[in-house]
Amino acid sequence: MLKGKKILVTGGSRGIGTAIVRRAMQEGADVAFTYLHSMDEAHLLASELSASYSSQRCLSIECDVTDMQAMETAVKNLISEFGAIDGLVNNAGITRDVVFARMSRAQWDGVLNTNLGSVYNATKPLILQMVKQRGGSIVNITSVAAIYGNNGQTNYSASKAGIIGFTKSLSAEVSPQNIRVNAVAPGYINTDMLGVLDPDTLAYIKSRISMRRLGNVDDIAPMVCFLLSDNAGYITGQIIQIDGGITL
Ligand code: NAP
């Protein structure tokens, strides 16, 4: 589905990002992904996938997505390395959950800068290249928390709701240039991000999901790869919820 495509994924060293990297390689793409802290995991992933798919490339790039200059350099270098970037997945994200009354400015800024600021930082240096190429696909990872809200997540929900507005507005701007911009809104997916939740909270969450289970990273990656592919050539400005039928 992605044969010959060049894809950049932010935050590919763990969780959903890793599943997207794996799936995009499986679908035939050359893939580069960024990481920040998880260097060993990132290097291992890139070397494992490069060995498994010897005619494709898988590159890990150490880059803090909140650092505009570093991101700009990474994107520029990747364009010269790959010759083009056909797809971008804005996936890197964090949580700093706490009720708003107790939320520090640092907790607010940290989440907004990482989750929403990174979308600017990664997309801005790439968009003119995609215009020049007269094509591209951008997939932003938002969350059901942007749609329903969630206790203790005013910072996170605001950052993810910002991504939805960004997705719809940018898609309107760049559709004439054959650039598609969509978002995927996962529900509760079993990754390190849920590690902060205690067993009672997890049980409560499962009881609110129609399918009565958490999602897996492989529930998300195929949809992201579909949206990156030409099979989704007439889909833009959409927010696809993948949440097992959540009723928060
Ligand atoms: P995760 O397992 O915690 O992984 C987060 C990834 O983001 C890691 O690869 C991490 O890299 C990277 N990252 C974080 N801050 C970064 C920074 N400043 N610069 C570069 N990379 C950075 O999280 P996940 O569950 O896979 O989440 C992936 C995306 O899905 C996030 O946007 C999240 O908000 C969204 N989402 C997740 C869920 C869920 O239930 N899991 C639900 C809805 C939406 P390092 O480890 O290398 O630092």
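Please refer to the structure higher up on the page.
Summary of the structure given here. All of these numbers come straight from a predicted model, not from anything done at the bench.

Rules of the game
- Residues numbered from 1 in each chain as written.
- Predicted model: local features only at pLDDT ≥ 70, side-chain atom pairs only at ≥ 80, totals over all residues.
- Heavy atoms only, no water.
- Helix = DSSP H or I, 4+ residues; strand = E, 2+ residues; numbered from the N terminus.
- Rg over C-alpha atoms; globule rule 2.2 N^0.38 Å.
- Buried < 20%, exposed > 50% of the residue type's maximum accessible area, 1.4 Å probe, protein only.
- Contact = heavy atoms within 4.5 Å.
- Areas by Shrake-Rupley, 256 points an atom, 1.4 Å probe, with all protein chains shown as cover.
- Near = heavy atom within 4 Å.
- Polar contact = N/O pair within 3.5 Å; in protein donor to acceptor, adjacent residues only side chain to side chain.
- Pairing = 2+ DSSP bridges.
- Right-handed = clockwise from strand over helix to strand, strands pointing away.
- Salt bridge = Lys/Arg side-chain N within 4 Å of Asp/Glu carboxyl O.
- Axes fitted to C-alpha atoms, helices over the stretch in contact; angles between N-to-C directions.

**Some thoughts on the overall build of the chain**
Scanning the chain for helices and strands turns up eight helices and seven strands. The globule rule puts the C-alpha radius of gyration for 248 residues at 18 Å, and the 17 Å found for the chain is close to it. Split into buried and exposed, the 248 residues of the chain put 50% on the buried side. When contacts within the chain are restricted to residue pairs at least 6 apart in sequence, long-range pairs at least 24 apart make up 76% of them. A total of about 11500 Å² of accessible surface is found on the chain, and carbon and sulfur atoms cover 51% of it.

**What to know about the site of the ligand**
In the vicinity of the ligand lie 30 residues, with Ile16, Ser38, Asn91, Tyr156 and Thr191 positioned nearest. One of the backbone nitrogen or oxygen atoms of Val65 is found 3.0 Å away from a nitrogen atom of the ligand. One of the backbone N or O atoms of Asn91 is found 2.7 Å from an oxygen atom in the ligand. Contact with the protein chains removes 96% of the 890 Å² of surface that the ligand exposes when unbound. Looking at the shell around the ligand, the elements with two or more residues in it are α1 (15-26) and α6 (154-174).

**A closer look at the pairing of strand β4 (residues 87-90)**
Every second residue of β4 is oriented toward a common face, with Gly87 and Val89 on one face and Leu88 and Asn90 on the other, all of them buried. The pairing of strand β1 (residues 6-9) with β4 spans three bridges and is classified as parallel. Residue pairing across strands places Ile7 opposite Gly87, the latter belonging to β4. Pairing analysis gives four bridges linking β4 to strand β5 (residues 136-141), with the strands arranged parallel. Each residue of the ladder has a partner; that of Asn90, found in β5, is Asn140. The handedness of the β4 to β5 crossover, carried by helix α4 (residues 105-133), is right-handed.

**Let's talk about the side chain of Thr142**
With respect to the helices, strands and loops of the structure, Thr142 is situated in the loop between β5 and α5 (144-148). With a relative accessible area of 2%, Thr142 lands in the buried category. Reaching out from Thr142, the side chain makes a polar contact with the backbone oxygen of Lys160 at a distance of 2.9 Å. Residues contacting Thr142, with those up to four places away along its chain left out, are Lys160, Ile163, Ile164, Ala183, Val184, Ala185, Pro186 and Ile239.

**Remarks on the pattern of salt bridges**
On inspection of all chains with the given rule, the structure shows eight salt bridges. With a closest N to O distance of 2.8 Å, Asp192 and Arg14 form a salt bridge. Separated by 178 residues along the polypeptide, Asp192 in the loop between β6 (179-186) and α7 (199-207) and Arg14 in the loop between β1 and α1 bring together distant segments of the chain. By relative accessible area, which is 53% here, Asp192 ends up exposed. Two residues, Arg105 and Asp109, come together in a salt bridge whose shortest N-O distance is 3.2 Å. Of this pair, Arg105 and Asp109 both sit in helix α4, four residues apart, roughly one helical turn. Overall, Arg105 belongs to the exposed group, its relative accessible area being 60%.

**Looking at the sheet that holds strand β2 (residues 30-35)**
Across the sheet, seven strands lie side by side as β3-β2-β1-β4-β5-β6-β7; this open sheet has parallel pairing. The open sheet has two edge strands with one neighbour each: β3 (58-62) and β7 (239-242). Strand after strand, the sheet turns through a mean of 15° between neighbouring axes, direction not considered. Alignment of β6 against β7, held across four bridges, turns out to be parallel. The residue bridging Val184 from the neighbouring strand is Ile240, located in β7. Packed onto the sheet, α4 meets β4, β5 and β6 and runs at close to 170° relative to β4.

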